[in-house]
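# Structural overview for review
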Amino acid sequence: MAVSSPTLTARSGRSLKGVVTAPGDKSISHRALILGAMATGVTEIEGLLEGEDVLATARAVEAFGAGVDRLGPGRWQVMGHGGFRQPEGVIDCGNAGTGVRLLMGAAAGYPVSATFDGDASLRKRPMKRVTGPLAEMGALFAWAAEEDRLPLTLTGGDLTGLEFTQKVASAQVKSAILLAGLNAAGRTVVAEPERSRDHTERMLAAFGAHVQVNEEGAGWRVTLEGGQALRATDVSVPGDPSSAAFPLAAGLIVPGAEVTVRNIMLNPLRTGLFETWLEMGAELTVSNRRAAGGEEVGDLTARHSALTGVVVPPERAASMIDEYPVLAATAAFARGETVMRGIGEMRVKESDRIALMAAGLQACGVTVVEEPEGFVVTGGRVPGGATVTTHGDHRIAMSHLVLGLAAERAVTVDEPGMIATSFPGFVEMMCELGAEIG
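## Looking at the state of the cysteines
Inspection of the entire model under this criterion finds zero disulfides. Take Cys 364: it sits in no disulfide, and the sulfur closest to it among the cysteines is that of Cys 431, at 19 Å. According to the relative accessible area criterion, Cys 364 is buried, its value standing at 0%.

## So, the sheet that holds strand β8 (residues 140-143)
Strand order in the open sheet formed by four strands is β6-β7-β9-β8, with mixed pairing between adjacent strands. At either margin of the open sheet sits one strand with a lone partner, and together these are β6 (91-92) and β8. Sheet topology note: the strand β7 (residues 113-117)/strand β9 (residues 152-155) ladder contains four bridges and is antiparallel. Paired with Ala 114 across the two strands is Leu 154, which belongs to β9. Along the sheet, helix α4 (residues 128-137) contacts β8 and β9; its crossing angle with β8, the most-contacted strand, is approximately 140 degrees.

## Here we look at the packing of helix α1 (residues 26-38) against helix α6 (residues 199-206)
Packing of α1 against α6 leaves a shortest axis separation of 10 Å and a crossing angle of 35 degrees. As α1 packs across α6, the resulting crossing turns out to be right-handed. Contacts between α1 and α6 involve Ser 27, Ile 28, Arg 31, Ala 32 and Leu 35 from the first element and His 199, Thr 200, Met 203 and Leu 204 from the second. Each residue belonging to the contact of α1 with α6 can be placed in one class, and the counts come to five nonpolar, three polar and one charged.

## Overview of empty space enclosed by the protein
Counted by the stated rule, this structure contains two cavities of 30 Å³ or more. In this structure, the largest cavity encloses a volume near 350 Å³. Along the walls of the largest cavity sit 27 residues, with Thr 98, Gln 172, Arg 197, Asp 322 and Lys 349 positioned nearest its centre. Breaking the lining of the largest cavity down by element, the ones donating at least two residues are α1, α3 (97-108) and α5 (171-181). By residue number, the principal contributor to the lining of the largest cavity is α1, which donates four residues. Here the residues of the lining of the largest cavity sort into five nonpolar, eight polar and 14 charged.

## Quick look at the layout of surface pockets
There is about 440 Å³ of room inside the largest pocket. Contributing to the lining of the largest pocket are 21 residues, with Arg 129, Lys 167, Val 168, Ala 169 and Glu 345 lying nearest its centre. A class-by-class count of the residues in the lining of the largest pocket yields eleven nonpolar, four polar and six charged. Lining of the second largest pocket is provided by 16 residues; of these, Ser 121, Lys 124, Glu 350, Ser 351 and His 391 occupy positions nearest its centre. Taken together, the residues that form the lining of the second largest pocket break down as four nonpolar, five polar and seven charged.

What counts, and where the lines are drawn
Residues numbered from 1 in each chain as written. Predicted model: local features only at pLDDT ≥ 70, side-chain atom pairs only at ≥ 80, totals over all residues. Heavy atoms only, no water. Disulfide = S-S within 2.5 Å. Buried < 20%, exposed > 50% of the residue type's maximum accessible area, 1.4 Å probe, protein only. Pairing = 2+ DSSP bridges. Helix = DSSP H or I, 4+ residues; strand = E, 2+ residues; numbered from the N terminus. Contact = heavy atoms within 4.5 Å. Axes fitted to C-alpha atoms, helices over the stretch in contact; angles between N-to-C directions. Left-handed = near helix turned anticlockwise from the far one by under 90°. Nonpolar A, V, L, I, M, F, W, Y, C, P; charged D, E, K, R; others polar. 1 Å grid on protein atoms, 1.4 Å probe; cavity = no way out; pocket = protein on both sides within 12 Å on 5 of 7 lines; lining within 4 Å. Points joined across faces, edges and corners; volume = space filled by probe spheres on them.

Spelled out as structure tokens, the structure:
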């Protein structure tokens, strides 16, 4: 159920107990739709996240010529015709940064011309990190208004493979280049200084592509030969660790709480937050480890814990860049300082997440020192009692609502409707555990 009220308020006073299931992983949901559309044949998807971001990608691949059908809750079918076709009209990606960047990479390999656009938030996000290397491969870009920002028109086809070294590891940039490289002449190579999410490499292999991954120090080198055709396959989408982080965080900070979230993906490149919580002294346990959709999954239980601040290694950022807002919310209840640096990428997400988390926590009475590439949170008493400005960022909203469940006074967030972009059913899930949010 979508949130329709102009604000949402979270109050403390209730303990949280229960077992819930994590919603489908957003990163894998985007990729399943896009690779299914690029492949030949029918791809059956189980557990697709039906948030606004992923639904925008579903509409986009349909515009590029794929047959897309919803068979039931989380059950989707994609009929691919071996590539993208010329679309009619604008490809509107809504608020989906992952969606638009991966779609541009995929589309660049085909002889199509497509205009990409999004909502006001997506129009503020930089695109040259992706369009730059794609242009080096031979794709053409025309900017409708401001260079480096949507809307833009891409003309693809006739690409040449590229050897590209990322300065800052980004799964979105790597994935866009690899998807373009599938239909480029020659070899495409992406080197990363640290390891970013490897969902694209794993899923390309599942769809029949040969992808070579070699370790290089703390990072790796991914190699893909052009001219490879994808074959449809079935995809089981595991639970999203980024979404599971919110009920688990509440379990750690609400007195007397014990929360279990089932079916969480435990890919080591996505578990940086869980590692950090354990270092902080969290009582966080994993059970029922198993394989699903080519990924390791398990059930996590979080119990109320006495947390201590830590210094988060900057090299861990690639494995938890979306989880720093909720980490900051839990750090507000930890003893001492939690230092988060090397995370400047947070300033160009759906919002400037460093600035908004710092401002929101400060409004709730938490001591925060904002830095150009991060922030330091000094935990302890959390008075709460604030109305937090989210700028329509779903993770800022959910992080402060979690904070409000353990703060002394209620915490309110504005623009909560954007929560549906990544976590439809968030409020219902939290209330099922006993939270007071409304």
